[in-house]
Amino acid sequence: MQFLKTGFFVLLSLDVGLYVRYGTANEALEQVAWLILLASFLYESSSLGEAYISRSEQFGLYTVQTIGYGLAVYTCWGYWTAGDTSSFVNSAAWLMICALLVYDVYAPGEYGGLEWRARNVAKAVLYAVVVGLVGLWGWQGVATDDADSLISAYDAALWIGCFTIVELRVFDFEMKEETELGQHSIES
């Protein structure tokens, strides 16, 4: 898992660098926003179920997340005003995925319950949207020999891979919690 995570971050660093250097200002800003949010989710998901070390750690993390979300919403709006429908849909879907991840982290609910299932169905639909956009951009890139579409497909696939790491951490935590609850009820 560590090798996979390191590989994703090397590729992601190159990807962000390329967008910062060659992309539009909105694309570059979006890359920075999602990098901030991914880093905060990775940090949060590494210690699920544990209290913050200090109030300053909590405040710092919330500040970083606020900046990341502010930039992500700003760039999403930029796609909308520019009429870039597919990039807007992609950005909006990611914002909704992140909202559900935040819910997973701060209010996980009962594992396997109705609320948990509804949240996971919603995430599955949203991930299907972003995976569908990878396919759309890839097809457009191949069909029209459009390098920008191919780069968009690669970029979107890379972000899906990176956020999968966060999802797996949340899933592992939920499984451990469920196992511990099961053991406690057997012992009682």
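The structure this text deals with has already been given above.
Reading guide: rules and limits
- Residues numbered from 1 in each chain as written.
- Predicted model: local features only at pLDDT ≥ 70, side-chain atom pairs only at ≥ 80, totals over all residues.
- Heavy atoms only, no water.
- Helix = DSSP H or I, 4+ residues; strand = E, 2+ residues; numbered from the N terminus.
- Rg over C-alpha atoms; globule rule 2.2 N^0.38 Å.
- Buried < 20%, exposed > 50% of the residue type's maximum accessible area, 1.4 Å probe, protein only.
- Contact = heavy atoms within 4.5 Å.
- Areas by Shrake-Rupley, 256 points an atom, 1.4 Å probe, with all protein chains shown as cover.
- Core = buried A, V, L, I, M, F, W, Y, C linked by side-chain atoms within 4.5 Å.
- Axes fitted to C-alpha atoms, helices over the stretch in contact; angles between N-to-C directions.
- Parallel < 35°, antiparallel > 145°, perpendicular 65-115°, else oblique.
- Left-handed = near helix turned anticlockwise from the far one by under 90°.
- Expected span 1.5 Å × (residues − 1).
- Arc of directions from axis to C-beta.

**Student:** Any chance you could explain the overall build of the chain here in plain terms?
**Tutor:** A count of helices and strands for the chain gives 6 helices and 0 strands. When the helices and strands of the chain are placed in sequence order, the string is α-α-α-α-α-α. What you see for the chain is a C-alpha radius of gyration of 18 Å, in line with the 16 Å of a compact globule of 188 residues. Across its three principal axes, the chain shows a C-alpha extent of roughly 65 × 35 × 35 Å. Going through the 188 residues of the chain one by one, you find that 38% of them count as buried. At a minimum sequence separation of 6, the contacts of the chain that also span at least 24 residues come to 69%. Total accessible area on the chain stands at roughly 10,700 Å², and carbon and sulfur atoms take up 68% of it.

**Student:** I would appreciate a short explanation of unusual backbone geometry in the present structure.
**Tutor:** The bulk of non-glycine residues show a negative phi, and the bulk of peptide bonds are trans. One non-glycine residue, Asp-145, lies in positive phi territory at about 55 degrees. Residue placement: Asp-145 occurs in the loop between helix H5 (114-144) and helix H6 (147-187).

**Student:** Where do I start with the nonpolar core in this structure?
**Tutor:** Considering soluble globular proteins, one finds that nonpolar side chains tend to be buried as a cluster. Of all hydrophobic cores here, the largest spans 38 residues; its most connected members are Trp-34, Leu-38, Trp-94, Trp-159 and Phe-163. Secondary structure elements with two or more residues in this core: helix H1 (2-22), helix H2 (25-45), helix H3 (55-82), helix H4 (85-106), H5 and H6. No other element matches the 11 residues that H6 contributes to this core. The contact partners of Phe-163, leaving out residues within four places of it in the chain, are Trp-34, Leu-38, Phe-41, Trp-94, Cys-98, Leu-101 and Tyr-127.

**Student:** When you look at the packing of H1 against H2 in this model, what are you seeing that I'm missing?
**Tutor:** Between two packed helices, what matters for the description is the angle formed by their axes and the separation of those axes. Two numbers describe how H1 lies on H2: the axes approach to 8 Å, and their chain directions differ by 155 degrees. Taken together, H1 and H2 sit at an angle that is classed as roughly antiparallel. The hand of the H1/H2 crossing is left-handed. Here Phe-9, Leu-12, Asp-15, Val-16, Tyr-19 and Val-20 of H1 lie close against H2, whose contacting residues are Glu-27, Ala-28, Gln-31, Leu-35, Leu-38 and Leu-42.

**Student:** I keep staring at H1 and nothing clicks. Help me out?
**Tutor:** Helical periodicity: at 3.6 residues per turn, an α-helix aligns residues three or four positions apart in one direction. Its 21 residues give H1 an end-to-end C-alpha distance of 30 Å, which sits within 8% of 30 Å, the value for a rise of 1.5 Å per residue. Of the residues making up H1, those classed as buried are Lys-5, Phe-8, Leu-12, Asp-15, Val-16 and Tyr-19. One side of H1 holds all its buried residues, which, seen down the axis, span an arc of 100 degrees. Turned more than 90 degrees from where H1 packs its buried face, Phe-3, Ser-13, Leu-14, Arg-21 and Tyr-22 sit exposed.

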